[in-house]
Amino acid sequence: MGAFGAKLSLANKLWITFKRIIRKKSTEQFSCMPYLISLLQCLLSAWYSLPFVSPNNLLVTVISAIGIGLEATYVLIFLIFTPKKGKAKICGYLFVVLSIFSSLALVSMLAFHGNKRKLFCGFAFAAACIMMYGSPLSVMRLVIKSKSVEYMPFFLSLSVFINSTSWLIFALLGKDPFIFVPNAAGTILGAVQLILYAVYHDKKGEVKKDEINESVDQMSTGKLQDEKIVDIQNENANP
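Residues numbered from 1 in each chain as written. Predicted model: local features only at pLDDT ≥ 70, side-chain atom pairs only at ≥ 80, totals over all residues. Heavy atoms only, no water.

J.: Explain a nonpolar patch on the surface to me, please; I cannot follow it from the model alone.
T.: Among the surface-exposed residues, Phe 52, Leu 106, Met 109 and Leu 110 lie close enough to one another that they form a single nonpolar patch of about 410 Å² accessible area. On the secondary structure map, Met 109 appears in helix H4 (residues 84-111). Using a relative accessible area of 33% as the deciding quantity, one classes Met 109 as partly exposed. (Patch = residues over 30% accessible without salt bridge, like charges linked within 9 Å, V, L, I, M, F, W, Y side chains within 5 Å. Areas by Shrake-Rupley, 256 points an atom, 1.4 Å probe, with all protein chains shown as cover. Salt bridge = Lys/Arg side-chain N within 4 Å of Asp/Glu carboxyl O. Helix = DSSP H or I, 4+ residues; strand = E, 2+ residues; numbered from the N terminus. Buried < 20%, exposed > 50% of the residue type's maximum accessible area, 1.4 Å probe, protein only.)

See below:
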């Protein structure tokens, strides 16, 4: 149940970001890629947990089904509020995601049986999980470049860390390596995001302060230049 609670907590924190997108009617610099990859991960997770692939994984099936609904909603919001040029790109990525899932599901049914099917689907699911947890790397790069955590909210990073840690514990109890390995990677990446937040969360204010100081300096310089021009004009008028 800890994994279920972590999933709901993650969804709640994500909704804070999407409320901002809806309010501003713009996706700004937020990337849709993490949500597309998360959708692929949820689809493969649900497929892996089905009885004819991996028996006795009802909890994983339920959580994955909820995840599919949530991620599909997030992608739809991006499609609505992304500029026209970006809509085609998102639709293209979504087509690729659905094609990958459909192909893997079809191959697993036609080419593999029994334990081999479980291994094939497990490796596909684990790879998608690692991609999902690795997708925020582009945001982490933006944080380092801009020295601002504006587009990497703290509660989202914390929820990712808690979510992956909960699944890690679940995998240890169930002795499922396909759930353990990607969530171990997710725990590490989540911890790195929290470290980045700790390093850069105060930098935003410093950047704004520097910009204000620079603007004040420019205004002062301009004022002095204007005063000099007035003095020269007065001298020319009264030789």
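Now that the structure is up, let's keep going.
J.: Teacher, can you tell me more about the packing of aromatic side chains here?
T.: The relation between two aromatic rings is expressed through the spacing of the ring centres and the mutual angle of the planes. Counted by the stated rule, this structure contains eight aromatic pairs. Taking 5.6 Å as the distance between ring centres and 35° as the angle between the ring planes, the aromatic pair formed by Tyr 35 and Phe 78 counts as tilted. Of this pair, Tyr 35 sits in helix H2 (residues 33-49) while Phe 78 sits in helix H3 (residues 58-81), and the two are 43 residues apart along the sequence. Under the relative-accessibility criterion, Phe 78 is labelled buried at 2%. Arranged with centres 5.1 Å apart and planes meeting at 75°, the rings of Phe 123 and Phe 178 form a pair that is edge-to-face. (Phe/Tyr/Trp six-rings, centres within 6.5 Å; stacked < 30°, edge-to-face > 60°.)

J.: Please clarify how the environment of Cys 129 should be interpreted in this entry.
T.: Looking at the secondary structure, you find Cys 129 in helix H5 (residues 115-134). Between the C-alpha atoms of Cys 129 and Val 181, which are 52 residues apart in sequence, the distance is 9.1 Å. Discounting residues that sit within four places of it in the chain, Cys 129 has contacts with Gln 41 and Pro 182. (Contact = heavy atoms within 4.5 Å.)

J.: Help me understand the side chain of Ser 54, please; the structure alone is not making it clear to me.
T.: Position of Ser 54 among the secondary structure elements: in the loop between H2 and H3. Those residues within four positions of Ser 54 in sequence are excluded, and the remaining contacts are Tyr 48, Ser 49 and Lys 118.

J.: Honestly, the packing of H2 against H5 in this entry has me stumped. Any pointers?
T.: Describing two packed helices takes the angle between their axes plus the distance from one axis to the other. Between H2 and H5, the shortest axis-to-axis distance is 9 Å and the interhelical angle comes to 155°. Between H2 and H5, the crossing angle belongs to the class labelled roughly antiparallel. H5 is crossed by H2, and the crossing has left-handed handedness. Only Lys 118, Cys 121, Gly 122, Ala 124, Phe 125, Ala 128, Cys 129, Met 131 and Met 132 of H5 make contact with H2, whose side of the interface consists of Ile 37, Ser 38, Leu 40, Gln 41, Leu 44, Ser 45, Trp 47 and Tyr 48. Counted by class, the contact of H2 with H5 contains twelve nonpolar, four polar and one charged residues. (Axes fitted to C-alpha atoms, helices over the stretch in contact; angles between N-to-C directions. Parallel < 35°, antiparallel > 145°, perpendicular 65-115°, else oblique. Left-handed = near helix turned anticlockwise from the far one by under 90°. Nonpolar A, V, L, I, M, F, W, Y, C, P; charged D, E, K, R; others polar.)

J.: In this structure, what is going on with helix H8 (residues 177-200)? I would like to understand it.
T.: At 3.6 residues per turn, the α-helix brings residues three or four places apart onto the same side. With 24 residues, H8 should cover 34 Å at 1.5 Å per step; its first-to-last C-alpha distance of 35 Å lies within 8% of that length. Among all positions of H8, only Phe 178, Ile 179, Pro 182, Asn 183, Gly 186, Thr 187, Leu 189, Gly 190, Gln 193, Leu 196 and Tyr 200 are buried. (Expected span 1.5 Å × (residues − 1).)

J.: Looking at this structure, how should I read the nonpolar core?
T.: For soluble globular proteins, the rule of thumb is that nonpolar side chains tend to be buried together. With 33 residues, the main nonpolar core has Phe 18, Ile 21, Phe 78 and Phe 125 as its most contacted residues. Elements represented by at least two residues in this core include exactly helix H1 (2-24), H2, H3, H4, H5, helix H7 (154-174) and H8. Setting aside chain neighbours within four positions, we find Phe 125 in contact with Gln 41, Leu 44, Ser 45, Tyr 48, Phe 178 and Ile 179. (Core = buried A, V, L, I, M, F, W, Y, C linked by side-chain atoms within 4.5 Å.)

J.: How should the packing of H3 against H4 be read in this particular structure?
T.: Two numbers describe how H3 lies on H4: the axes approach to 8 Å, and their chain directions differ by 155°. If you check the angle between H3 and H4, you find them roughly antiparallel. Within the contact between the two elements, H3 uses Val 75, Phe 78, Leu 79, Ile 80 and Phe 81 and H4 uses Lys 87, Ile 90 and Cys 91. Within the contact of H3 with H4, the residues separate by chemical class into seven nonpolar, no polar and one charged.

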